[in-house]
Amino acid sequence: MATDLDYTNIAGSPLQPYVATQIEKRKSLVYNDLRSPNQLQWLNNKNVWIRVSSGVNVQYGNKEYDGLEGDALSKKYILQGGILSHPENSAYNLRYGVGPDNAYGLKGGGFGNVPMPGIGNVSIKTGGKLGTLKETTIDFVCYGMEQLHIMEALYMKLGFSLLVEWGHTFYIDNKTGKIESNVQAIPFYGVHSKEELMEKITEHRIMHSGNYDATWGTIKNFTYTLNGNGAFKCQVQLVGAGDILESLKVNVSGNFKSVTTPTFGTNLVDTGSIYPIIADANPSLLNNALYGIYSYAGSTPGESGYTITTTGDSSYASTLDPFFANLNLSITSFVDRNTELQRKGYHFRLINTPGMNAPHEGDIDNKVFPLEPVQFFGKLTIDFESTEEEEKKEGSQQNYITLGHLLLLIMSTGMLYQRGENDDKTKQKPYVYIDVHPETNRCYTFLGHCSLDPSICLIGSDNLPFGIESDLFTAIQTNFPWGDNNGLGGRFMHTLVNLDFIASTIKKYRGGNTKGDVNFVDLVKDILDGISKACGGYNEFRIVPDDDSRCIRIFDDKRSVNGKITVPDYTEIPILGSKSIAYNFNYTSKISPNTAAMVVVAAQAQPYGVQGAENALAFSHLNKGLYNRLGAVTVDSGTDLNKETSLEDSAESRYTELASYLEAIYNGVGAAPPSAPAETPTTEQNFKNLELNKQNAEKQLNAVYSGMINILNQDPKKSEYTKELQALNKAVDKIKTDLNGDITQLGINTTEVNGKFTTLIYLNIWIILKISDNDYYTSPNGGIFGSDSDIENKWEAYLDGLTGGSPSDL
């Protein structure tokens, strides 16, 4: 079954195969004119079934509930179509008849024969501060105080768990295409762990072709109301495990007494240090662990200015062991003991996949490989050069651990756990997991993606921009592989996070809370936002609790699919027509007040646009080609000022300044000077050889191409210009091929004009010239932009406008 699963953390990934297949089966049946009696029954008599089972056990020796102990009481009062009874080694039986104990074997409480309790309604929706939690509301009725006493014990105890199952009475089997009715609920009372329960739920979803689902929640609240007929209307509210995140604090107090460094126990460190990782070594277990990693003696940088410490150093590995005791992880014997983490990396899909608790090697159909402890738990120490002549003080080095390592530390030192049977700590597992697998947690990245702020983080992406070479960066790439070498995006769990940044973020939230608590969501979100900002703001990380697997996932909402990934076909759900499987549908268009305000501002500034407001500038496209005849043009304060700055001034100066800044970061680590000074290239030579020229030129090409396509789409005769479009596409492809080569061989003017570098400007003009060049664009109608084609005339006018004159005159 593993081959049917998507192992990435992509937001908006395709539907599971069994769901997509079921939708196609339904569409086919609805569209079919010749229907069998079973198919007509599926169309007209399909209903929902709902079962609610309690996870409450009665302690042995407690005789309050008719002498029923353990799970016997829960088995006797299962809510489904009334009350089901499930005696030991027996089927599920619906209560019936009248006997010595009144109707259905339930005491009437002085009201004679009364109905048995039953579900009135179940509502399932998403909610919570993050908008991703399952919230379930169950309405049921019971009659008399004796029934209420039992139902309150089983279904209205705050913090206890319930299993809610539901599905269709008739469904289409994906394998056979037949109408089936033998829906099987989970044998809930034979399940002994949450991991086994999650696997069973996934197994039943697949078994019933997506016509079965379940949620396992915690009772958050309840109410009941007494009616005049002696009946109690009860309502229970459930939430998924992710709800705990909104109140979970991670700065739990304590010391790791087994860690033998002067920092721990009664020997506190200097709290007056200017370095947060030192000053805040003792307030919590998490701070304690971070300082323990920082202070490991083997972390002093060598002559190269940096040191990478890995779990290959047995002393370092043993230093980490106490910090992960709650997770039952051993870093010193990682491969032998940590099959759960090594196989799955706590990946959300692998936690609840059927069969994943069985022994296996970890390589799931060559898709998910075991987590590598040497890279994952490694530590980077950098000794940046100082302009001061004084001796370096303690803390002057910058220390980094991976983001995945940090999240595991948070999970180990600040989360809740569930012990095994008989309070067995060796079988203890997290109440909520965090998905930390580097291979399946991917984010948007691009050529030259790097960190601009080493006080927050560093990443070992594919390369540094501007052709910068750095031994430090090469070492990071090798030991903490982050890059996009297989086309799936950056491994952001290998992001190296600065320990001082982590400690200062913890301190900020501890000081901002009257109780000194540090909330899990606030802390992790701030760290993720800091990483995104340090790396150019290209990523938008988001915390997503996954109730189906009790796992916290991190999405990058800006993750884009590149050419190496095969994009699956979309699953279409028809909402109208003969293949529609939607019960109801409506569509409403509405503009929010904030959006409307930005649209109005953009309209006031036509035809020039608003220079300083990004959102308003985007909305100006709604009024493209139109302006208000009776309204004066509105401009902001930056419009005229921006006209005084030329492209050469702004682009060249910023890029050279950025290149110098990056070089100072990645080569300013005290590296030994080269034996012979190399010839210093001129700024223009550097600029010509930058990959940036190619990237910006291709953006210009795409913009020109989009403009020409827009002209074509507006022409009423666009269907006649198929061959023109094909010729244009060939020209664009040829230009892209040339741009990917050596751009210095394209015959572009690279001289200086009034002391300003013009390579990029001439490259953009070259693109426009080539689109109208016989060697690139050959008109199927004869001639280049000749009179044989109206669309060619319009394209020529458009290109004239881009250059200020006919391309042939340049």
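Residues numbered from 1 in each chain as written. Predicted model: local features only at pLDDT ≥ 70, side-chain atom pairs only at ≥ 80, totals over all residues. Heavy atoms only, no water.

Here's the deal with the pairing of strand β13 (residues 231-239)
Then step 1. The pairing of strand β8 (residues 133-143) with β13 spans nine bridges and is classified as antiparallel. By the bridge assignment for β13, E135 is matched with V239.
Then step 2. Connecting strand β12 (residues 212-226) to the antiparallel partner β13 that follows it, the hairpin turn spans four residues, and G230 within it adopts a positive phi of roughly 85 degrees. (Pairing = 2+ DSSP bridges. Helix = DSSP H or I, 4+ residues; strand = E, 2+ residues; numbered from the N terminus.)

Here's the deal with the sheet that holds strand β21 (residues 457-458)
In sheet architecture, strand pairing relies on hydrogen bonds along the backbone and comes in two forms, parallel and antiparallel.
Then step 1. Read across the open sheet, the five strands follow the order β14-β15-β16-β23-β21; overall the sheet is antiparallel. The open sheet has two edge strands with one neighbour each: β14 (306-309) and β21.
Then step 2. Taken together, the two bridges between β21 and strand β23 (residues 496-498) define a ladder with antiparallel strand orientation. Its bridge partner being in β23, C457 is matched across the sheet by V497.
Then step 3. In the packing of helix α13 (residues 403-414) onto the sheet, contacts are made with β16 (398-402) and β23, and the angle to β16 comes to roughly 75 degrees.
Then step 4. Sheet strands touched by helix α14 (residues 471-479): β14, β15 (379-382), β21 and β23. Its angle to β14, the strand with the most contacts, is close to 5 degrees. (Contact = heavy atoms within 4.5 Å. Axes fitted to C-alpha atoms, helices over the stretch in contact; angles between N-to-C directions.)

Let's talk about the sheet that holds strand β19 (residues 433-434)
Then step 1. Strand order across the open sheet formed by three strands is β19-β25-β24, with mixed pairing between neighbours. Sheet topology places β19 and β24 (541-546) at the edges, where each strand pairs with a single neighbour.
Then step 2. Alignment of β24 against strand β25 (residues 551-556), held across six bridges, turns out to be antiparallel. Across the sheet, the residue bridging to D546 is C551, located in β25.
Then step 3. Across the sheet, helix α16 (residues 520-534) is in contact with β19, β24 and β25; its angle to β24 comes to roughly 145 degrees.

What about the confidence of the model for the protein?
Then step 1. Averaged over all residues, the pLDDT of the protein is 75; the fraction at 70 or higher stands at 69%.
Then step 2. For the protein, per-element mean pLDDT is lowest for strand β27 (residues 756-757), which scores 42, and highest for β23, which scores 95.
Then step 3. Scored below 50 in pLDDT, residues 752-757 shows 11 contacts in the model against residues more than four places distant or in partner chains.
Then step 4. Taken together, the stretch residues 783-787 has pLDDT below 50 and engages in 15 contacts with residues farther than four places along the chain or on a different chain. (pLDDT = per-residue confidence, 0-100.)

Comments concerning unusual backbone geometry
Then step 1. Unusually for a residue other than glycine, S209 sits at a positive phi of about 55 degrees.
Then step 2. Looking at the element boundaries, S209 is found in the loop between α5 (194-207) and β12.
Then step 3. When its relative accessible area of 2% is taken as the criterion, S209 is described as buried.
Then step 4. Here the phi dihedral of F466 falls at roughly 65 degrees; this positive angle occurs in a residue that is not glycine.
Then step 5. Of note, F466 is situated in the loop between β21 and α14.
Then step 6. Given the relative accessible area of 17%, F466 is considered buried. (Buried < 20%, exposed > 50% of the residue type's maximum accessible area, 1.4 Å probe, protein only.)

A few points about helix α7 (residues 285-294)
An α-helical turn contains 3.6 residues, so a residue and the one three or four places further along point in the same direction.
Then step 1. Among the 10 residues that make up α7, 10 are buried, leaving the element largely enclosed by the rest of the structure.
Then step 2. Burial in α7 covers these residues: L285, L286, N287, N288, A289, L290, Y291, G292, I293 and Y294.

A closer look at the nonpolar core
Then step 1. The biggest cluster of nonpolar side chains holds 70 residues, and the ones touching the most others in it are L290, F324, L403, L408 and F520.
Then step 2. When residues in this core are grouped by element, the largest group, eight residues, is from α16.
Then step 3. In contact with L403, other than residues within four places in its own chain, are F492, M493, T495, V497, I527, L528 and I531.
Then step 4. Counting 29 residues, the second-largest nonpolar core is a separate cluster that includes M116, A153, L154 and L162. (Core = buried A, V, L, I, M, F, W, Y, C linked by side-chain atoms within 4.5 Å.)

Re the packing of helix α15 (residues 499-511) against α16
Then step 1. Put simply, α15 and α16 touch, their axes get as near as 10 Å, and they point 135 degrees apart. Taken together, α15 and α16 sit at an angle that is classed as oblique. Crossing geometry of α15 relative to α16 is assigned as right-handed. Along its contact with α15, which presents F501, I502, T505, I506, K508 and Y509, the element α16 presents D522, L523, D526, I527 and G530. (Parallel < 35°, antiparallel > 145°, perpendicular 65-115°, else oblique. Left-handed = near helix turned anticlockwise from the far one by under 90°.)

Some thoughts on a nonpolar patch on the surface
Then step 1. Where nonpolar side chains cluster on the molecular surface, the patch consists of I575, L576, F585 and Y587 and spans about 480 Å² of accessible area.
Then step 2. Residue class for Y587 comes out exposed when judged on its relative accessible area of 70%. (Patch = residues over 30% accessible without salt bridge, like charges linked within 9 Å, V, L, I, M, F, W, Y side chains within 5 Å. Areas by Shrake-Rupley, 256 points an atom, 1.4 Å probe, with all protein chains shown as cover. Salt bridge = Lys/Arg side-chain N within 4 Å of Asp/Glu carboxyl O.)

A word on the packing of aromatic side chains
Then step 1. Going through the model one piece at a time under the given rule, you end up with 13 aromatic pairs.
Then step 2. Ring centres of F324 and F377 lie 5.5 Å apart, and the angle between their planes is 75 degrees; on these two criteria the pair is classed as edge-to-face. On the criterion of sequence distance, the pair formed by F324 in the loop between α8 (314-320) and α9 (334-337) and F377 in the loop between α12 (373-376) and β15 is long-range, its members being 53 residues apart.
Then step 3. Take F324: its relative accessible area is 0%, and that puts it in the buried class.
Then step 4. A network of ring pairs unites the aromatic residues F222, Y224 and F232 as a single cluster.
Then step 5. If you follow R51 out to its NZ or CZ, it ends over the ring of Y92, 4.2 Å from the centre. (Phe/Tyr/Trp six-rings, centres within 6.5 Å; stacked < 30°, edge-to-face > 60°. Lys NZ or Arg CZ within 6 Å of the ring centre and 35° of its normal.)

Considerations on the pattern of salt bridges
Then step 1. Scanning the model with the defined rule gives eight salt bridges in all.
Then step 2. Between R542 and D557 there is a salt bridge whose closest N-O contact spans 2.8 Å. Linking R542 in strand β24 with D557 in the loop between β25 and α17 (593-604), this pair joins segments that are 15 residues apart in sequence.

Some details on the pairing of β16
Then step 1. The buried fraction of β16 is high, at five of five residues.
Then step 2. Pairing of β16 with β23, which is carried by three bridges, proceeds in the antiparallel orientation. By the bridge assignment for β23, I401 is matched with V497.

Observations regarding α15
Then step 1. Compared with the 18 Å implied by 1.5 Å per residue over 13 residues, the 18 Å span of α15 between its first and last C-alpha is a close match.
Then step 2. Considered for burial, the residues of α15 that qualify are L499, D500, F501, I502, A503, T505 and I506.
Then step 3. For α15, the elements touching its buried residues are α6 (276-279), α7, β16, α13, β23 and α16.
Then step 4. In this structure N498 caps α15, since a side-chain oxygen of it lies 2.8 Å from the backbone nitrogen of D500. (Expected span 1.5 Å × (residues − 1). Polar contact = N/O pair within 3.5 Å; in protein donor to acceptor, adjacent residues only side chain to side chain.)

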